[in-house]
Amino acid sequence: MKFGPVAIDAAEGAVLAHATTAGERRFRKAHRLSAGDVSLLKAAGISEVVAAVLAPDDLGEDAAAEKIAACMIHRNIEAKPAATGRVNLHAQAAGMFTVDAAMIDAINAVDPTITIATLAQHAPVEKGQMIATVKIIPFAVASALVDAVARICAGGEIFAVNAYQPVRVGVIQTVLPGIKPSVLDKTLRVTEARLARSGGRLTAERRTPHEIIPVAEAAASLIRDNDMVVIFGASAMADFGDVVPAAIERAGGTVIRAGMPVDPGNLLVLGTLGGKRIIGAPGCARSPKENGFDWVLDRLIAGLDVTARDIAGMGVGGLLMEIPTRPQPREPLPAKAEPKVEIVLLAAGRSSRMGGPNKLLALFDGKPLVRRTAERAIGSKAAATIVVTGHQRERVRDALSGMDVIFADNPDFAEGLSSSLKAGIAKISGDATGAMIVLGDMPGVASADLDRLIEAFRKSEWRSVVRASHDGRRGNPVVLPRSLFAAIAHLEGDTGARHLVEAEGLDVIDVEIGEGAAVDVDTREALESAGGVLQD
């Protein structure tokens with residue numbers, strides 16, 4: 001492949017490096033020029049274009065990505081259609097992700113033009129979640145490079161989603177004077193919730209004194225009718241010969257490992273009894289927050305073996321988030337910053353359907369529409385308002401003079417909505433939990449509507465996508481959680497975040513805010529009907 005300026009007379013079959021306009025016709029980036037396209041460009045006075053010219057043995061970016069994905073051997077994983085040189089792979093079941101790191105490294109070493117990125121080894125995944133992506137960086141690559149990757153892929157399973165199994169679990173809780181029944185009841189609820197995410201269930205519970213013999217007897221009884229037994233000790237393990245490990249051995253079992261280099265979770269005990277697994281849970285497992293118990297439990301219910309060597313290797317990455325209710329925290333807890341949402345107000349468009357005037361400068365009650373929208377954003381509970389400018393940026397900035405907003409310039413606004421989203425998200429604060437995408441041309445959305453969306457986002461614990469709706473139909477604005485920010489950087493063309501939301505499988509909460517969610521002013525008729533007056 002050759003890349004650079006190409007004379008228009010030699011451009012047939014070349015792939016455009018940049019969006020190019022010829023009269024009324026606009027060719028997008030990565031468009032492959034036909035003979036007719038070349039004629040249009042010549043008629044528009046264009047003498048050369050910056051493009052990629054493919055060699056006879058080159059594969060286009062999409063074809064190369066699809067061929068590599070098709071060569072991969074995997075389980076419970078689906079490859080999506082290629083787009084912009086990328087194939088995303090998604091989990092077909094909830095489970096535990098495993099990957100052959102050496103194979104991934106070998107593929108990424110073939111040539112910088114071919115890349116594969118995956119989730120971390122043993123990452124828990126939900127059904128539909130993206131687990132890996134194949135990306136071809138240039139517009140085409142030599143077929144020999146793709147063939148080299150295919151040979152590596154033929155070496156065996158490259159990655160898999162090991163589906164969770166609906167295991168039956170018996171629970172033992174030991175009791176000492178002073179332990180409250182409410183603590184034991186909460187432990188059961190937390191454990192049931194942990195099992196529910198994988199389809200498992202808690203079948204029985206035994207409450208015993210915190211002594212070796214009663215615990216051993218309960219374990220021997222429960223193991224017969226269950227796939228696994230979990231023991232919650234009233235007192236943390238103080239020695240490798242303490243009650244829980246000693247009870248496992250008294251019942252005829254074997255202790256595989258006592259103690260783990262994961263914090264919280266240090267005091268976990270893993271053993272076998274009757275050919276099945278038995279776990280002495282650390283005290284932090286009474287909390288729903290992630291801890292070392294989750295790491296072992298999730299692997300076991302996904303059908304993966306966990307050995308003493310596996311546990312010993314969990315130290316890198318094993319320093320997890322502190323649990324606030326821990327009796328003796330590692331360090332005093334710092335003051336926690338209040339989660340916040342920032343607004344990205346999109347004001348870079350060309351108003352092409354207006355036939356000339358910029359709709360964002362149209363007057364509503366004597367005030368430019370973009371200023372009115374910004375006032376409502378500033379008047380909401382959002383922590384900051386970022387305005388993305390592009391088309392007629394100076395006029396838009398003048399209309400917002402004196403307002404408490406942050407400007408994000410988008411020089412690539414003509415390439416479509418994705419470029420504005422990327423420019424706005426790039427300005428979001430590092431500690432923001434989400435971004436609300438507000439269109440500049442929606443006169444019916446009030447500050448109170450924005451606050452309702454922020455409140456719904458708060459109730460979702462800052463994790464879900466929150467979308468304005470009217471009469472059951474989705475609309476705008478939309479709040480995106482921080483987990484989507486990295487993926488937005490890969491959007492191309494006139495594409496919003498909708499397909500990302502669908503691809504990531506995040507929960508979506510629709511909030512009815514009335515007609516304002518559906519009223520934009522893309523045409524003169526719509527703008528005038530909404531009460532606006534266009535300005536030249």
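Calculation rules
- Here the residue index of a chain counts from 1 through its sequence in written order.
- Given that the model is predicted, a residue must reach a pLDDT of at least 70 before its local features are reported, and side-chain atom pairs must reach 80 or more before they are shown or counted; all residues, however, enter totals for whole chains, interfaces and linings.
- Processing note: side-chain calculations cover all non-hydrogen atoms of the structure and skip hydrogens and water entirely.
- When a carboxyl oxygen of Asp or Glu lies within 4 Å of a side-chain nitrogen of Lys or Arg, that pair is called a salt bridge.
- By definition, any uninterrupted DSSP run of H or I lasting at least four residues is a helix, any uninterrupted run of E lasting at least two residues is a strand, and each is numbered from the N terminus.
- Classification of residues uses two cut-offs on accessible area relative to the type maximum, computed with a 1.4 Å probe and protein chains only: under 20% is buried, over 50% is exposed, and between them is partly exposed.
- Two strands form a pair only when DSSP identifies at least two bridges running between them.
- Lines fitted to C-alpha atoms define the axes, with helix axes restricted to the stretch in contact, and inter-axis angles between N-to-C directions lie between 0 and 180 degrees.
- Identification of polar contacts relies on pairs of N or O atoms within 3.5 Å, with a donor-acceptor requirement for protein atoms, meaning one able to donate a hydrogen and the other able to accept it, and with residues adjacent in sequence counted only if both atoms are side-chain atoms.
- Throughout, a contact is declared for two residues whenever any of their heavy atoms are within 4.5 Å.

1. Examining the pattern of salt bridges
Pairing is possible between side chains of opposite charge, provided their charged atoms come close.
Item 1. What the rule picks out here adds up to 20 salt bridges.
Item 2. A salt bridge links Lys-67 to Asp-147; its shortest N-O distance comes to 3.0 Å. Separated by 80 residues along the polypeptide, Lys-67 in helix 2 (residues 61-71) and Asp-147 in helix 4 (residues 143-153) bring together distant segments of the chain.
Item 3. In this structure, Lys-340 and Glu-342 form a salt bridge, with 3.8 Å as the shortest nitrogen-oxygen distance.
Item 4. The exposure class of Lys-340 is partly exposed, given its relative accessible area of 22%.
Item 5. A single salt-bridge network, built from bridges that share partners, covers Asp-185, Glu-205 and Arg-207.

2. Some points on the sheet that holds strand 11 (residues 114-118)
Item 1. The strand order across the open sheet built from four strands is 8-9-13-11, with neighbouring strands paired in antiparallel fashion. At either end of the open sheet lies a strand with only one pairing partner, and these are strand 8 (77-79) and strand 11. Strand-to-strand, the axes of this sheet are offset by a mean angle of 15°, without reference to chain direction.
Item 2. Bridge count for strand 9 (residues 86-91) against strand 13 (residues 130-136) is five bridges, and the pairing is antiparallel. By the bridge assignment for strand 13, Asn-88 is matched with Thr-133.

3. Quick word on the side chain of Ser-287
Item 1. Considering the arrangement of structural elements, one finds Ser-287 in the loop between strand 21 (276-281) and helix 8 (292-301).
Item 2. Polar side-chain contacts of Ser-287 include one of 3.1 Å to the backbone nitrogen of Lys-289.

4. Focus: the sheet that holds strand 5 (residues 48-53)
Item 1. Here we have three strands laid out as an open sheet, ordered 1-5-2, and antiparallel in their pairing. If you trace the sheet from one side to the other, it starts and ends with strand 1 (2-7) and strand 2 (15-16), each paired once.
Item 2. Pairing of strand 2 with strand 5, which is carried by two bridges, proceeds in the antiparallel orientation. Within the sheet, the bridge partner assigned to Val-15 lies in strand 5 and is Ala-52.

5. Brief notes about the environment of Val-99
Item 1. The residue Val-99 is located in strand 10 (residues 95-99) in this model.
Item 2. Here the alpha-carbon distance between Val-99 and Thr-254, two residues 155 residues apart in the chain, equals 30 Å.
Item 3. Those residues in contact with Val-99, other than ones at most four positions away along the chain, are Ile-104, Thr-118, Gln-121, Ile-158 and Phe-159.

6. Observations regarding unusual backbone geometry
Glycine aside, a negative phi is what most residues show, and trans is what most peptide bonds show.
Item 1. Of the consecutive residues Asp-263 and Pro-264, the connecting peptide bond is found in the cis state with omega at 5°.
Item 2. Mapped onto the secondary structure, Pro-264 falls in the loop between strand 19 (254-258) and strand 20 (269-273).
Item 3. In this chain, Asn-476 is followed by Pro-477 through a cis amide linkage whose omega measures 5°.
Item 4. In this structure, Thr-84 takes a positive phi of about 50° despite not being glycine.
Item 5. By secondary structure assignment, the location of Thr-84 is in the loop between strand 8 and strand 9.
Item 6. If you check the backbone angles, His-122 has positive phi at about 65° while not being a glycine.
Item 7. Topologically, His-122 is positioned in the loop between strand 11 and strand 12 (124-125).
Item 8. Classification of His-122 by relative accessible area gives partly exposed; the value is 27%.

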